[in-house]
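This is what each chain is made of:
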Amino acid sequence: MINSTRRTFVDFSVGAANPKKFYQTDAWGGFDPKNDQGRSYQEMSESYRESCDREIRNLIGNAVPKNFSWNDLLRFVPEGEQIIAATPEYKSRRKHMPVGVILLLSNDEMLRLSLF
């Protein structure tokens, strides 16, 4: 007989040739929506997604998702500064999908963000 009130906690370690892809796909195997009482499924999944995105940024540096929002960009803008321009960055003239975005800030600083 299984005691349904008893929870087992498991830590797992993963080795992957492509850690970025792991955090975008397989890492969701560790998602437990019942792990935190009082928060909705939506809140839990958003929090988990943000933690996976944070790990991807740790791997590749300053980066935003391919379907980024203004809020994603504003995380990299110092307080008191504004985004003057956002320009897509391409790997070559023949490529149609950008690999990054370059932000021009109000202090004349340029900031390059990769896309993931």
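The structure we're discussing is the one just above.
Residues numbered from 1 in each chain as written. Predicted model: local features only at pLDDT ≥ 70, side-chain atom pairs only at ≥ 80, totals over all residues. Heavy atoms only, no water.

Draft legend 1. Fine view of the side chain of Ser114. Position of Ser114 relative to the elements: it lies in strand S4 (residues 110-115). Judged by its relative accessible area of 15%, Ser114 is buried. Only 2.9 Å separates the side chain of Ser114 from the side chain of Arg112, close enough to count as a polar contact. Beyond its immediate sequence surroundings of up to four residues, Ser114 is in contact with Asn62, Ala63, Val64, Val99 and Gly100. (Helix = DSSP H or I, 4+ residues; strand = E, 2+ residues; numbered from the N terminus. Buried < 20%, exposed > 50% of the residue type's maximum accessible area, 1.4 Å probe, protein only. Polar contact = N/O pair within 3.5 Å; in protein donor to acceptor, adjacent residues only side chain to side chain. Contact = heavy atoms within 4.5 Å.)

Draft legend 2. View of the pairing of S4. As judged from the two bridges shared by strand S1 (residues 63-64) and S4, these two strands associate in the parallel manner. Counterpart to Ala63 in the pairing with S4 is Ser114. By the bridge criterion, five bridges tie strand S3 (residues 100-105) to S4 in an arrangement that is antiparallel. Counterpart to Val101 in the pairing with S4 is Leu113. Two successive antiparallel strands, S3 and S4, enclose a turn made up of four residues, where Asp108 displays a positive phi of approximately 70 degrees. (Pairing = 2+ DSSP bridges.)

Draft legend 3. Focus on the packing of aromatic side chains. Inspection of every chain in the model, using the stated rule, returns five aromatic pairs. Centroid distance Trp28 to Phe31: 5.2 Å. Interplanar angle 65 degrees. Geometry classified as edge-to-face. Trp28 sits in the partly exposed class, given a relative accessible area of 31%. Taking the relative accessible area as the measure of exposure, Phe31 reaches 14% and is therefore buried. A centroid spacing of 5.7 Å and a plane angle of 80 degrees characterise the contact between Phe31 and Tyr41, whose relative ring orientation is edge-to-face. With Phe31 in the loop between helix H1 (19-24) and helix H2 (41-60) and Tyr41 in helix H2, this pair connects stretches of sequence that are ten residues apart. Given a relative accessible area of 53%, Tyr41 falls into the exposed group. Aromatic rings pair up to connect Trp28, Phe31, Tyr41 and Tyr48 into one cluster. (Phe/Tyr/Trp six-rings, centres within 6.5 Å; stacked < 30°, edge-to-face > 60°.)

Draft legend 4. Structural view of H2. The first and last C-alpha atoms of H2 sit 29 Å apart over 20 residues, in line with the 28 Å expected at 1.5 Å per residue. Within H2, the full set of buried residues consists of Met44, Ser45, Tyr48, Cys52, Asp53 and Ile56. At its buried positions, H2 is contacted by H1. The first or second residue beyond H2 is Gly61, which carries a positive phi of 90 degrees. (Expected span 1.5 Å × (residues − 1).)

Draft legend 5. The arrangement of the pattern of salt bridges in detail. Tallied over the entire structure, the rule returns four salt bridges. Among the ionic pairs, Asp72 bridges to Arg75, the shortest N-O distance being 3.9 Å. Residue Glu89 pairs with Arg112 through a salt bridge whose shortest N-O separation is 2.3 Å. Residue Glu89 is located in strand S2 (residues 83-89), and its partner Arg112 is located in strand S4; the two are separated by 23 residues in the primary sequence. By relative accessible area, which is 21% here, Glu89 ends up partly exposed. (Salt bridge = Lys/Arg side-chain N within 4 Å of Asp/Glu carboxyl O.)

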